[in-house]
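Chain by chain, the residues run as shown.
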Amino acid sequence: MHDDRTLVESRLKRVLDERIRPAVYPESVPLEVGIWTAPGEPVPVAEGLAAPRTPIAVGDAWGAPWGTSWITVTGTVPEAWAGRTVEALIDLGFDANMPGFQCEGLVYRPDGSPVKGLNPQNQWVRIAAPAAGGEQVLLHVEAASNPVILDYHPFLPTELGDRETAGDRPQYKLARMDLAVFDETVWQLVMDLEVLGELMAELPVEGPRRWEILRAVERCLDAIDLQDVNSTAAAARSRLEGVLAAPAVPSAHRISAIGHAHIDSAWLWPLRETVRKVARTTANMTALLEDEPEFRYTMSQAQQFAWIKEHRPEVYARVRKAVAEGRFVPAGGMWVESDTNMPSSEAMARQFVHGKRFFLDEFGVENHEAWLPDTFGFTGGLPQIIRNAGSKWLLTQKISWSQVNRFPHHTFLWEGIDGTRIFTHFPPVDTYNCSMKGSEIAHAARNFKDKGVARHSLAPTGWGDGGGGTTREMVAKAARMKDLEGSATVRWENPAEFFAKAEAEYPNPPVWVGELYLELHRATLTSQARTKQGNRRSENLLREAELWCATAALRTGAAYPYEQLDRIWKTVLLHQFHDILPGSSIAWVHREAEATYAALAGELEGLIGAAQRALAGAAAGGRELVFNAAPHTRSAVPAGGAAAVAVPGGTCEAVERSGGGFTLRNGLLEVVVDADGLIASVVELATGRETVAPGSRANLLQLHPDFPNMWDAWDVDQFYRNTVTDLTGTDSLTASSSPAGASVRIARSFGSSTVVQTLTLRAGEQRLDIDTEVDWHETEKFLKAAFPLDVHTERYAAETQFGHLHRPTHTNTSWDAAKFEACNHRFVHFEEPGWGVALVTASTYGHDVTRTVRAEDGGTTTTVRFSLLRAPRFPDPKTDQGLHRFRHALVPGAAIGDAVREGYRIGLPERTVTGSAERVAPLVELDNDALVVSAVKLADDRSGDLVVRVYEAGGGRARGRLTTSFPLADAVPCDLLERPWDGTRGEVAFEDGAVRLALRPFELVTLRLRATA
């Protein structure tokens, strides 16, 4: 037989595009359309429904950026259509390729009840099936004219990302606004041909199955009258029955499909628009669940459920019903799909606390998977947190985006820094927006790396990012691939059903140890510094507020602010979403975030101040008490307590050097600052050990060009290092000293920016404090602060949640080389046997580490550089312009415990309150500094119990005794949700009124302490 394959395939494409798809709606009549545009932000539904309408026609422009227009469509079903299926086709000016990224709408009935959402891939509204002739149609559409930020030429700077700069030019033109007959037979024929055509294209040309499908498609096309598709569609479908009925081979890959709409809680739209995106999507998904009995849908992010509950209770009622039926599945158990690299230990824990508790309280559902398809890499501390939250599985897809190395598994055990292992799955479909195309299903089967020992994978199915969800077309395609020769089999299943099957069939999966580093989006550790500083400050203030409010409640009977702390925590957790905290959202999002953090700081400072005044007896007396919220004693003030302390004395001095610059001394360190204002030497006087590498200078600010190939706010590409400008010129260099400390102030200018740094040695402290103020007005530049250390080490420690992880200083492998920008929390630590150095930071996360061997003496220079500021122009064209303040410290002679202590110190300053009390005893004390308290709070159930979270911080086994300053009746190990839990791997024993602990490396334990009545 002659090879006419391409002829038939080309024929299929043209006939589908030009004849069959248009015949899905063979008859139509126009609708009448009226519009009212809200003058500002979105209005309540009742107001939008009642507002007067102005006529508007197809082709007319509408919708200023970020505006809301209420569009009303009216019409009458023709008598001739009686008994047929009728739908309204409402095209607001959609681009079919941009679901979730442009205008959208939510359709309402005249009584204000929501019907469904409209988006570029979902433009129909069912009117009746069957319809009655003469039936009146009246629908209202709350239409959001969200501008296109990420266009076909992506990453172009735009002012559309903030309503304050976006202007008022209409963004869209009304397109089709019709009543139409829906021919389901033709639509089913379209689904048949799409599935077979897409499958056929994925099959080997040499195999018989491809040719069987080709001949069946040819016979189908022969049966179609191109001038009367509708009357011949049924006959054409019959020609495909045989090839559609052929079952899959027994060894076929098995795909668990789950309806999904990954909705970014903010990104290229503000938070307020996400509220409406969620309502549109969930309205569609609950309707689709009613129409399709086999369909299952999942939604993560408890915050998004809470938004619907608050803003769209009618939609929420439908969600609750579907959840109760087990078909609308809350997933993930987190408040939002957060970033996991930068949130603190407690914040990461609270993501699960608040997420899981919401699902339990609202639905009685406890899910067991963490669901993070789009998060930009995963910290090594996360497995233990997942396990302590009562979960055991993880799903993500994002690691498939890595630029350099392909991850070797799709299903595996992920082992965290403490040894906890979590069963983890990366969907081989390589998207969280699967649309059931044959190419996607075939890719999943081919790509699956665990063939031969496992055969199940998961496919999150539906339009996401900006929402939309699963369409009826996706469901129809999945039905055809349920058991189809040549294809993987597809079943709608809940995440728990998938994980249970995958775990059962793969009892000994491979193990991946340590962080899941994404070899992409590394610059999210630096972009939008104000957002990151607001997050870190909020985390620290929440620690203080819980500690002092709990102390005041137990000591003085003060009311504990349960509701206020709950609300603030949820707001902070929301802003840890993986496009807010990473700095990859539009200007509007970050402008609002800065204002939100400032308001939260004011509230938390108020709570802290009130609690401390109550504890200090501020109504009387004039004694100064120093409060210490850090987990270690300092200045003779115990951790979590307060005491009167003497003003520290010392012999600090700043001596001018003959060649320019100054020498700072405090009896512990000697620091030489040269004429350029750079640190030429830092000597630990007790050992005589030099910190700065020979021939190098530390605290060197370096400026790089920063124009990645794409994803401006997200990415820094390795070639940025090829060009660097060292900022060595000074505008002024001055010094000052007192018994309490000695400092040098350095002022510089570069480009359009200025920087002032103050280097300070304080009495009795073996560290050099570095305060940096930058007035930043650069564009597409990257600012770093370099510290070349005279330390020989092949690895270094970087703090992460509940511990630290080690990364190589070398680039032996492509995996090592790809980590050229990495995350730290409060410290990085470098150590040779017997001596180490730590650098700590108050609010920066990104850093890089390199090593060289010096030709002069053969020694090793290990250089760490903190990333301070960037200036990408997309999606916020004015990212980080303006004034910024940073705090760092260099700690010579530091062991890992010193790094932990100094890391806490820099973010938790001592507070002084005047009152009558002589001291405030800590609620709890530990006798081993390796055991660190990360939280002290009252139990969320308002029982009055005290909840204390402790972790081993050094990476070794540690024993200790926890005592309380109140009579202790009982101590119960709990999970993160404060429920009794037997998952502790170390030893926890209540004896003699105290708690004996023996924890494994990096192990965390949550204790519920009950006072004696």
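The model shown is predicted, which means the values in this text are computed figures rather than measured ones.

1. Looking at unusual backbone geometry
Inference 1: Omega for the bond connecting Ala129 with Pro130 falls within 30 degrees of zero, at 5 degrees, which places this linkage in the cis form.
Inference 2: The omega angle of the peptide bond from Phe874 to Pro875 is 5 degrees, so this bond is cis rather than trans.
Inference 3: Note on placement: Pro875 falls in the loop between strand S43 (860-870) and strand S44 (882-892).
Inference 4: Non-glycine residue Met436 carries a positive phi angle of around 70 degrees.
Inference 5: As for its placement among the helices and strands, Met436 is situated in the loop between strand S19 (421-425) and helix H12 (438-447).
Inference 6: With a relative accessible area of 0%, Met436 lands in the buried category.

2. Points about the pairing of S44
Inference 1: Taking burial as the measure, the 11 residues of S44 include eight buried ones, the bulk of the element.
Inference 2: As paired strands, strand S35 (residues 768-776) and S44 are joined by nine bridges and run antiparallel to one another. By the bridge assignment, Ile770 is partnered in S44 with His888.
Inference 3: Sheet topology note: the strand S41 (residues 835-841)/S44 ladder contains five bridges and is antiparallel. Residue pairing across strands places Thr841 opposite His888, the latter belonging to S44.

3. Here's the deal with the nonpolar core
Inference 1: Ile71, Phe328, Leu946 and Leu1009 are the most contacted members of the largest nonpolar core, which has 243 residues in total.
Inference 2: Within the second largest apolar cluster, 47 residues are counted, among which are Phe750, Val774, Phe866 and Leu869.

4. What to know about empty space enclosed by the protein
Leftover empty space is mapped by rolling, across the atoms, a probe with the size of a water molecule.
Inference 1: Tallied over the full model, the rule gives eight cavities of 30 Å³ or more.
Inference 2: Put simply, the largest cavity is a space of about 250 Å³.
Inference 3: Around the largest cavity sit 23 residues that line it, and Ser344, Glu539, Asn540, Arg826 and Tyr904 are the ones nearest its centre.
Inference 4: Listing elements by their share of the lining of the largest cavity, those giving two or more residues are helix H10 (345-363), helix H15 (529-556), helix H19 (896-907) and strand S48 (931-938).
Inference 5: Examining the composition of the lining of the largest cavity, we find that five residues originate from one element, H15, more than from any other.
Inference 6: Within the lining of the largest cavity, the residues separate by chemical class into eight nonpolar, eight polar and seven charged.
Inference 7: Computed from the structure, the second largest cavity encloses a volume of approximately 140 Å³.
Inference 8: Lining the second largest cavity are 18 residues, and of these Asn341, Phe376, Tyr517, Leu518 and Leu525 sit closest to its centre.

5. Section: the pattern of salt bridges
Inference 1: Enumeration according to the criterion identifies 87 salt bridges in this entry.
Inference 2: Across the salt bridge formed by Arg350 and Glu546, the nearest N and O atoms sit 2.8 Å from each other. Note that Arg350 is positioned in helix H10 and Glu546 in helix H15, a separation of 196 residues in sequence.
Inference 3: Classification of Glu546 as buried rests on a relative accessible area of 4%.
Inference 4: The network of salt bridges with shared partners includes Glu41, Glu104, Glu142, Arg163, Arg272, Glu273, Arg276, Lys277, Arg280 and Arg312.

6. Describing helix H8 (residues 302-311)
Note on helix geometry: an α-helix contains 3.6 residues per turn, so any two residues three or four positions apart are oriented the same way.
Inference 1: With seven of 10 residues buried, H8 lies mostly within the body of the structure.
Inference 2: Those residues of H8 hidden inside the fold are in contact with helix H7 (271-291), strand S14 (297-299), helix H9 (313-324), strand S15 (328-330), H10 and helix H16 (562-574).

7. What to know about the layout of surface pockets
Inference 1: Here the second largest pocket is characterised by a volume of approximately 940 Å³.
Inference 2: Around the second largest pocket, the lining is made up of 35 residues, and of these Arg634, Ser635, Glu765, Arg767 and Glu910 lie nearest the centre.
Inference 3: Elements that contribute at least two residues to the lining of the second largest pocket include exactly strand S23 (623-628), S44 and H19.
Inference 4: Among the elements that line the lining of the second largest pocket, the one with the most residues is H19, at six residues.
Inference 5: By residue class, the composition of the lining of the second largest pocket is 16 nonpolar, seven polar and 12 charged.

8. A short note on the pairing of strand S18 (residues 411-415)
Within a regular strand, the side chains alternate between the two sheet faces.
Inference 1: Taking burial as the measure, the five residues of S18 include five buried ones, the bulk of the element.
Inference 2: Summarising the sheet, S18 and S19 pair through five bridges and their orientation is antiparallel. Residue pairing in the sheet places Phe412 in a bridge with Thr424 of S19.
Inference 3: As judged from the three bridges shared by S18 and strand S22 (residues 511-513), these two strands associate in the parallel manner.

9. A look at the sheet that holds strand S52 (residues 987-991)
Inference 1: Pairing is antiparallel in the open sheet, where four strands are placed in the order S47-S50-S53-S52. Of all the strands in the sheet, the pair left with one neighbour each is strand S47 (924-926) and S52. Mean inter-strand twist for the sheet, computed between neighbouring axes without regard to direction, equals 20 degrees.

10. Section: the environment of Arg254
Inference 1: If you trace the backbone, Arg254 turns up in strand S13 (residues 254-259).
Inference 2: C-alpha of Arg254 to C-alpha of His456: the two residues are 202 residues apart in sequence and 4.8 Å apart in space.
Inference 3: When neighbours within four sequence positions are excluded, Arg254 is seen to be in contact with Arg455, His456, Ser457 and Thr489.

11. A word on H7
Inference 1: Its 21 residues place the ends of H7 31 Å apart at the C-alpha level, agreeing with the 30 Å of an ideal helix rising 1.5 Å per residue.
Inference 2: For H7, a buried count of 18 out of 21 residues is recorded, marking the element as mostly surrounded by other parts of the structure.

12. A short note on the sheet that holds S41
Inference 1: The sheet built from nine strands is open, its strands ordered S32-S33-S34-S35-S44-S41-S40-S37-S38 with antiparallel pairing. Unpaired on one side and paired on the other, strand S32 (732-738) and strand S38 (803-808) mark the two borders of the sheet. Within this sheet the neighbouring strands show an average axis-to-axis angle of 20 degrees, counted without direction.
Inference 2: The pairing of strand S37 (residues 795-800) with strand S40 (residues 827-832) spans two bridges and is antiparallel. What sits directly across from Ala798, in S40, is Val828.

13. So, the packing of aromatic side chains
Each aromatic ring pair is characterised by the separation of its centres together with the angle its planes make.
Inference 1: Considering all chains together, one arrives at 41 aromatic pairs under this definition.
Inference 2: When the centroid spacing of 6.3 Å and the interplanar angle of 35 degrees are considered together, the rings of Phe359 and Phe363 count as tilted. Of this pair, Phe359 and Phe363 both sit in helix H10, separated by four residues, roughly a single helical turn. The pair Phe359 / Phe363 is uniform in exposure class, with both members buried.

14. A short note on the environment of Gly59
Inference 1: Looking at the secondary structure, you find Gly59 in the loop between strand S3 (54-55) and strand S4 (61-62).
Inference 2: Among the residues examined, Gly59 registers a relative accessible area of 40% and is labelled partly exposed.
Inference 3: Taking the C-alpha atoms as reference points, Gly59 and Ile149, 90 residues apart in sequence, are found 23 Å from one another.

15. Things to note about the packing of H9 against H10
Relative orientation and spacing of two packed helices are given, respectively, by the angle between their axes and the distance between those axes.
Inference 1: One way to put it is that H9 packs onto H10 with a least axis distance of 11 Å and a crossing angle of 85 degrees. The angle between H9 and H10 places the two elements in the roughly perpendicular class. Here H9 contributes Tyr316, Arg320 and Val323 to the contact with H10, which in turn contributes Phe358, Glu362 and Phe363.
Inference 2: For the contact of H9 with H10, the class distribution of residues is four nonpolar, no polar and two charged.

What counts and what doesn't
Residues numbered from 1 in each chain as written. Predicted model: local features only at pLDDT ≥ 70, side-chain atom pairs only at ≥ 80, totals over all residues. Heavy atoms only, no water. Helix = DSSP H or I, 4+ residues; strand = E, 2+ residues; numbered from the N terminus. Buried < 20%, exposed > 50% of the residue type's maximum accessible area, 1.4 Å probe, protein only. Pairing = 2+ DSSP bridges. Core = buried A, V, L, I, M, F, W, Y, C linked by side-chain atoms within 4.5 Å. 1 Å grid on protein atoms, 1.4 Å probe; cavity = no way out; pocket = protein on both sides within 12 Å on 5 of 7 lines; lining within 4 Å. Points joined across faces, edges and corners; volume = space filled by probe spheres on them. Nonpolar A, V, L, I, M, F, W, Y, C, P; charged D, E, K, R; others polar. Salt bridge = Lys/Arg side-chain N within 4 Å of Asp/Glu carboxyl O. Contact = heavy atoms within 4.5 Å. Axes fitted to C-alpha atoms, helices over the stretch in contact; angles between N-to-C directions. Expected span 1.5 Å × (residues − 1). Phe/Tyr/Trp six-rings, centres within 6.5 Å; stacked < 30°, edge-to-face > 60°. Parallel < 35°, antiparallel > 145°, perpendicular 65-115°, else oblique.

Read these as layout, nothing more, since geometry by itself doesn't imply function.
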